[in-house]
Amino acid sequence: MPIEPTAAEQRVLETFASGAIADFSDAAPDQRQLRAEFLRVAMSERATERSECQLESADRWPRFRGQLRIRAAHITGVLRGPIGDGALGSGGGTLWLSECTFDDPVDLSGAEFLSVRLLGCTLPAFIGASLQLKADLDLSGSRLSGIADHRSDLGDIGACSLYLNGAVIGARLQLGP
């Protein structure tokens, strides 16, 4: 069954062309929810990759311009890296999430980005097995509660809060307040 973007997800799509921040700071709690699978597919560059995930009207979505910027959203599901070559997570894009709450781990194992910034976010864990970054990984101010067990696309991770085995970070790793 195809997935239709919710009103909150449509707001994210509308920021693609301009590169603006999809800011949910003033939204009611029930208006802040984004599905991790939606974000994964939205970061994928080509409509064919989006269609493979059965997202309705995926060919009409704005073309992704290399950065995903979201503030104060509630993200449900495991956020994984994008699908396919030429996607945000294939080397040239920036993932910028500020003050977001995640129900499940962020698992960017095997993805490639210019930079990843999760600023002041609350999440169970950040998994980046074999993550490739040309610049920064910035988790400043984020709170990671830890998980008992996690299965990544690249294998069993086990218990952790932060997992970066095999990751290459081209510049700074920021973990402070």
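Everything below is about the structure shown above.
Rules of the game
Residues numbered from 1 in each chain as written. Predicted model: local features only at pLDDT ≥ 70, side-chain atom pairs only at ≥ 80, totals over all residues. Heavy atoms only, no water. Helix = DSSP H or I, 4+ residues; strand = E, 2+ residues; numbered from the N terminus. Buried < 20%, exposed > 50% of the residue type's maximum accessible area, 1.4 Å probe, protein only. Contact = heavy atoms within 4.5 Å. Areas by Shrake-Rupley, 256 points an atom, 1.4 Å probe, with all protein chains shown as cover. Pairing = 2+ DSSP bridges. Phe/Tyr/Trp six-rings, centres within 6.5 Å; stacked < 30°, edge-to-face > 60°. Lys NZ or Arg CZ within 6 Å of the ring centre and 35° of its normal. Core = buried A, V, L, I, M, F, W, Y, C linked by side-chain atoms within 4.5 Å.

Colleague: Whenever I open this one, the overall build of the protein confuses me. Can you help?
Modeller: The helix and strand tally for the protein stands at 3 helices and 20 strands. Among the 177 residues that make up the protein, the fraction classed as buried is 47%. A sequence separation of at least 24 residues applies to 55% of the contacts in the protein between residues at least 6 apart. For the protein, the computed accessible surface area is about 8000 Å², with 46% contributed by carbon and sulfur atoms.

Colleague: What is the right way to read the sheet that holds strand 20 (residues 173-174) from this model?
Modeller: By definition, the strands of a sheet pair up through backbone hydrogen bonds, in either a parallel or an antiparallel sense. Read across the open sheet, the 6 strands follow the order 1-3-6-10-14-20; overall the sheet is parallel. With partners counted over all chains shown, the strands left at the sheet margins are strand 1 (22-23) and strand 20, one partner each. Here strand 14 (residues 137-138) runs beside strand 20; their pairing, made up of 2 bridges, is parallel. Within the sheet, the bridge partner assigned to D138 lies in strand 20 and is Q174.

Colleague: What am I meant to see in the packing of aromatic side chains here?
Modeller: The relative placement of two aromatic rings is captured by the distance of their centres and the angle of their planes. Here the structure, examined in full by the defined rule, presents 0 aromatic pairs. Over the aromatic face of W96 sits the side chain of R69, whose NZ or CZ is 5.9 Å from the ring centroid.

Colleague: In this structure, what is going on with the nonpolar core? I would like to understand it.
Modeller: Soluble, globular proteins show a tendency: their nonpolar side chains are buried together. Core analysis: the largest hydrophobic core is formed by 36 residues, its most contacted members being V12, F24, I70, F102, L118 and F126. Residue assignment for this core shows that the elements contributing at least two residues are helix 1 (7-15), helix 2 (36-42), strand 3 (67-71), strand 6 (94-98) and strand 10 (115-119). Here this core gets 4 residues from one element, more than from any other, and that element is helix 2. The residues contacting L118, other than those within four sequence positions of it, are L97, F102, V106, L123, F126, D138, L139, S140 and S142. If you look at the next biggest cluster of nonpolar residues, it comprises 5 residues, including I127, I147, I157 and C160.

Any functional reading would require information beyond the geometric quantities listed.
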